[in-house]
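Remarks on the overall topology
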Amino acid sequence: MDLPKPNSAIIARKSQIVARLQAVLPDAAVIYDAHEVKAYECDGLSAYRCPPMIVVLPASTEEVAAVLKICHAEGVPVVPRGSGTSLAGGALPTSDSVVLGASKLSKVLETNYADRYIRVQSGRTNLSVTGAVEANDFFYAPDPSSQLACAIAGNIAMNSGGAHCLKYGVTTNNLLGVKMVTMEGEVLDIGGAHLDAAGYDLLGLICGSEGQLGVVTEATLRILHKPEGARPVLIGFNSNEVAGACVSDIIKAGVLPVAIEFMDRPVIRAAEKFVNAGYPDVEALLIVEVEGSETEIAEQLALITDIAKRHNPVELRESQSAEESATIWKGRKAAFGAMGQISDYMCLDGTIPVSQLPFVLGRITELSEEYGLAVGNVFHAGDGNMHPLILYDANKEGDLETCEKMGAEILKLCVEVGGCLTGEHGVGIEKRDLMTTQYTDADIEIQLCVKDVFDPKWLLNPAKVFPLSATDTRRAP
Amino acid sequence: MNPTTESELAEVIASTKSPLRIIGGDTRRIGHPVDGAPLHTSGLSGITLYEPGALTLVAKAGTPLAEIETALASENQRLPFEPSDMRGLYGATGQSTIGGVVATNASGPRRIQAGACRDSVIGVRFVDGQGQILKNGGRVMKNVTGYDLVKLMTGSFGTLGVLSEISFKVLPAPEASATVMIEGQSSAEAIASMSVALGSPFDVNGAAHVVGKTVIRVEGLEGSVKYRAAELVKKLGGSVVDFDWVTVRDLTDFANRAGDIWRFSVKPSDGPKLGAALCKTGALDVQFDWGGGLVWALAPEGSNLRTVLGDIGGNATLVRASEASANLSVFHPEPKAIEFLNAGLRAKFDPRNILNTGRMG
């Protein structure tokens, strides 16, 4: 993985830059010791590491603005970082950069139940947003697997999804407004507690822009009342194809579950071993969850089990209690961790049209044999967002490279069948060079033009999202 | 000009020397007319892909909305965002096109639960102001590959590019629908009731206060709808009635009345205050949708109702304008820094400033 050559002139000015940052931040909020900055050398994509020059941890919008003004004046690249859980290398630093961490921006600023929103600082973790409103029976819907740790700032940067977005949408559908600081240090309010923008949908543009257009310091988020109840049903099949067909039939039937999750045998076994979720040992397992009152749940599950039975499942089991439901979800949410216990892995995130599910799963099996690397599949089947986990051995020479090659093949396949490179993790550095498989040069150029407008000097997270060759002439030397 | 292919559309735009006025079905005539040679999109017509099992539909921009709704209905599906039919309001007789729906981000009562048009659009193809064919997004409902220009294009009123093809996430049509109606409420009481309903677990997907009636809608499976409607009646009073939501969606009560029409988006609890201030300032009538957050006002021609918004957060759009209001801006003025970004984007997407020039500042 190439990173741009560090600018030695910037590194030579390190002490001067540190002094300027210390003038606007408390001492503890400026980290520049070579050992201490090492803690920020990578994010969730730990195969790639590079310690930054400096890390700053501002605690207010004003401090963020002051930091960005200095970095802008000094021409220093800035890498925004939420909680550092990105699986795409979105927060991977360069050695001449300032990492701007959001960890001290964790306050709840306002909750409003009559208008159903919460305003928080962007470093607050996803789950603690729900935590702030659950005493009133409300929740924040997007629920990435990393929700215990991941920050709203990162959720907005990557437009994160989660298991329940089939019904509730992803981050962009639940984001009402942001306070954002531009690279020049100007503070903008975009959107708010009301719906829809007056002019261009800049809020929609910023969400998912991977920290390249501005640094979001506050977010206004839609909150919803919790459903009266929720219940998952486990449906096991002896073939991935049949499981895929069952998903399609459930959706066509007009009942829209809140989640349809898919796991294949390697993942089922790993999750079972890890947390004893009570999963059957089958080729493909669906977790289908519905919500509502007791009678509503019964009505929906009757319909779903009817459809499932037509596909001759080998296991069909409704959760009998709240504990059992929690255990079922625990297995799914721990799936990545469970696979990590077995082996190093690379997690892909391509999305495909649901109709292509059986074909793509078949092709992945063939590629797995061809490259000699095992694959586990766990994903959001309702929306076609796949998560193939390619297992490799980090200590074995060349294994990571083989894994990367195979990953690229799978992602190209996703694009070929009408899908995309990434459904919810973001491009980061991981899929940067594959952008040309999905987009023409002109499609990419217009996106670069958007960044030109927001960040003319190309200082914000500049080495991400687009192939370096496409951004060479724009990035600071 | 009425190109029939995307490449013809690109040629027309690349070779034009003068500004273009983009026309789908000419049924959503927001604000004041703009100058320019008419460029019709109705020649770019037809559904190019429909996969009910994947909840996905792709259509060329000039496809009539009615054609899309019919195709979806045949599979018991629908567009989630309940697009309005504005013909009554504007006295138009044409066929609304899907491109016009997207260009104006036309979103009806269900917006509060199912999202706006911008939340259902998952991919666009368009031609920019230099005649380049571009795409963004695709045909899958989860896609974070690169910047989300789909959102930027939706609701940009043809000022950043001319849409040629659009992909949508669609939803199953519900088995049943029920409306709880409460009569005789003031707007403050109505908005309080709607707030309770929208803050309940009953998945309300319509909440409006029109012509003195508060209406609250639930949809879904038969048994579930019955249950939730009954629970809402228990909480709020009122009764379950037959109600045609088209009257809310299309603002039919304003359609045949003279005057300018303003549209305010505010946080719902500000609705009553705004509504009262609008009436005091000369509004002839007001209606509330989106739980009180969408306020429609009918006003004498030329009256500047935007000033009423004052320091209430939100925005005001002059949706139906008369000659007397020619000096009033249609879209809400943005803070300078944001207007600077908007102008920057326009200059990149349409450097010659030929697409619906002046429509959005």
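Residues numbered from 1 in each chain as written. Chains lettered and ligands numbered in written order. Predicted model: local features only at pLDDT ≥ 70, side-chain atom pairs only at ≥ 80, totals over all residues. Heavy atoms only, no water.

What about the nonpolar core?
Threshold: The term nonpolar core refers to a set of buried residues drawn from Ala, Val, Leu, Ile, Met, Phe, Trp, Tyr and Cys, joined through side-chain atoms within 4.5 Å. Only protein chains enter the accessibility calculation, which uses a 1.4 Å probe; a residue whose area is less than 20% of its type maximum is buried, one above 50% is exposed, and one in between is partly exposed. Only heavy atoms enter the contact rule, under which two residues are in contact if any of them lie within 4.5 Å.
Ranked by size, the top nonpolar core spans 179 residues in total, and within it Leu202, Leu205 and Phe454 of chain A together with Phe168, Phe264, Leu278 and Phe349 of chain B carry the most contacts. Aside from chain neighbours lying at most four places away, what touches Phe454 of chain A is Met180, Glu184, Leu202, Leu205 and Leu213 of chain A together with Leu341 and Leu345 of chain B. Formed by 28 residues, the second largest nonpolar core is a distinct cluster that contains Val18, Leu105, Val215 and Leu460 of chain A.

Some words on the interface of chain A and chain B
Going by this rule: By convention in these notes, a salt bridge is any Lys or Arg side-chain nitrogen within 4 Å of a carboxyl oxygen on Asp or Glu. Polar contacts, as used here, are pairs of N or O atoms within 3.5 Å; protein pairs need one atom able to donate a hydrogen and one able to accept it. Residues neighboring in sequence count only if both atoms are side-chain atoms. Helix numbering and strand numbering both begin at the N terminus, where a helix is a DSSP run of H or I of at least 4 residues and a strand a DSSP run of E of at least 2. Amino acid classes used here: Ala, Val, Leu, Ile, Met, Phe, Trp, Tyr, Cys and Pro are nonpolar; Asp, Glu, Lys and Arg are charged; the rest, including Gly, are polar.
Residue-level contacts link 90 residues of chain A with 74 residues of chain B. For Glu424 of chain A, the salt bridge is made with Lys142 of chain B, and the minimal N-O distance between the two is 2.9 Å. On the surface where chain A and chain B come into contact, there are 29 residue pairs in polar contact (both at pLDDT 80 or more). The set of elements that each furnish at least two residues to the side of chain A that touches chain B consists of α6 (165-168), α7 (171-174), β9 (187-191), α8 (202-206), α9 (240-252), α11 (294-310), α16 (435-438) and α17 (441-454) of chain A. The element contributing the most residues to the side of chain A that touches chain B is α17 of chain A, with ten residues. Here the side of chain A that touches chain B is composed, by residue class, of 39 nonpolar, 32 polar and 19 charged.

Describing the side chain of Asp96 of chain A
All names here are of chain A. This is how the line gets drawn: By the counting scheme adopted, Arg and Lys are positive, Glu and Asp are negative, and His together with the chain ends is not counted.
Counting through the fold element by element, Asp96 comes out in the loop between β3 (78-81) and β4 (98-101). The buried charged residue Asp96 lacks any salt bridge, with Arg475 as its nearest oppositely charged partner at 8.6 Å. In this structure the side chain of Asp96 is engaged in a polar contact, spanning 2.8 Å, whose partner is the backbone nitrogen of Asn7. Within polar-contact distance, the side chain of Asp96 engages the side chain of Thr94 at 2.8 Å. Sequence-distant contacts of Asp96, defined by excluding residues within four places in its chain, comprise Lys5, Pro6, Asn7, Ile10, Ile11, Met53, Val76 and Pro77.

Here we look at the side chain of Glu219 of chain B
Residue and element names in this part refer to chain B. Along the chain, Glu219 turns up in strand β12 (residues 213-220). A polar contact is formed between the side chain of Glu219 and the side chain of Arg78, at a distance of 2.7 Å. Among the polar contacts listed, one links the side chain of Glu219 to the side chain of Ser177, at a separation of 3.4 Å. Setting aside residues no more than four positions away along its own chain, Glu219 makes contact with Arg78, Arg110, Pro174, Ala176, Ser177, Asn205, Val225 and Arg228.

Comments concerning the packing of aromatic side chains
Centre-to-centre distance and the angle between the planes together describe a pair of aromatic rings. Quick reminder of the rule: Between rings of Phe, Tyr and Trp, where Trp is taken as its six-membered ring, a pair exists when centres lie within 6.5 Å; planes separated by under 30 degrees are stacked, by over 60 edge-to-face, and by other angles tilted. Cation placement over rings: the criterion is NZ of Lys or CZ of Arg within 6 Å of the ring centroid and within 35° of the ring normal.
This model, assessed by the stated rule, comprises eleven aromatic pairs over all chains. The interplanar angle of 80° and the centroid separation of 5.4 Å between the aromatic rings of Phe139 of chain A and Tyr168 of chain A together place this pair among those described as edge-to-face. Here Phe139 of chain A, found in strand β7 (residues 138-139), pairs with Tyr168 of chain A, found in helix α6; they are 29 residues apart in sequence, far enough to count as distant. Residue Phe139 of chain A shares its accessibility class with Tyr168 of chain A, and that shared class is buried. Residues Phe81 of chain B and Phe168 of chain B carry aromatic rings whose centres are separated by 6.3 Å and whose planes lie at 25° to one another, so their mutual orientation is stacked. Placement of the pair is Phe81 of chain B in the loop between β5 (77-78) and α3 (87-90) and Phe168 of chain B in strand β8 (residues 162-169), with a sequence separation of 87 residues. This pair shows no difference in class: Phe81 of chain B is buried, exactly as Phe168 of chain B is. Directly above the ring of Trp458 of chain A sits Lys451 of chain A, whose terminal nitrogen or CZ lies 5.0 Å from the centroid. The positively charged end of Arg111 of chain B is found above the aromatic ring belonging to Trp290 of chain B, 5.8 Å away from the centroid.

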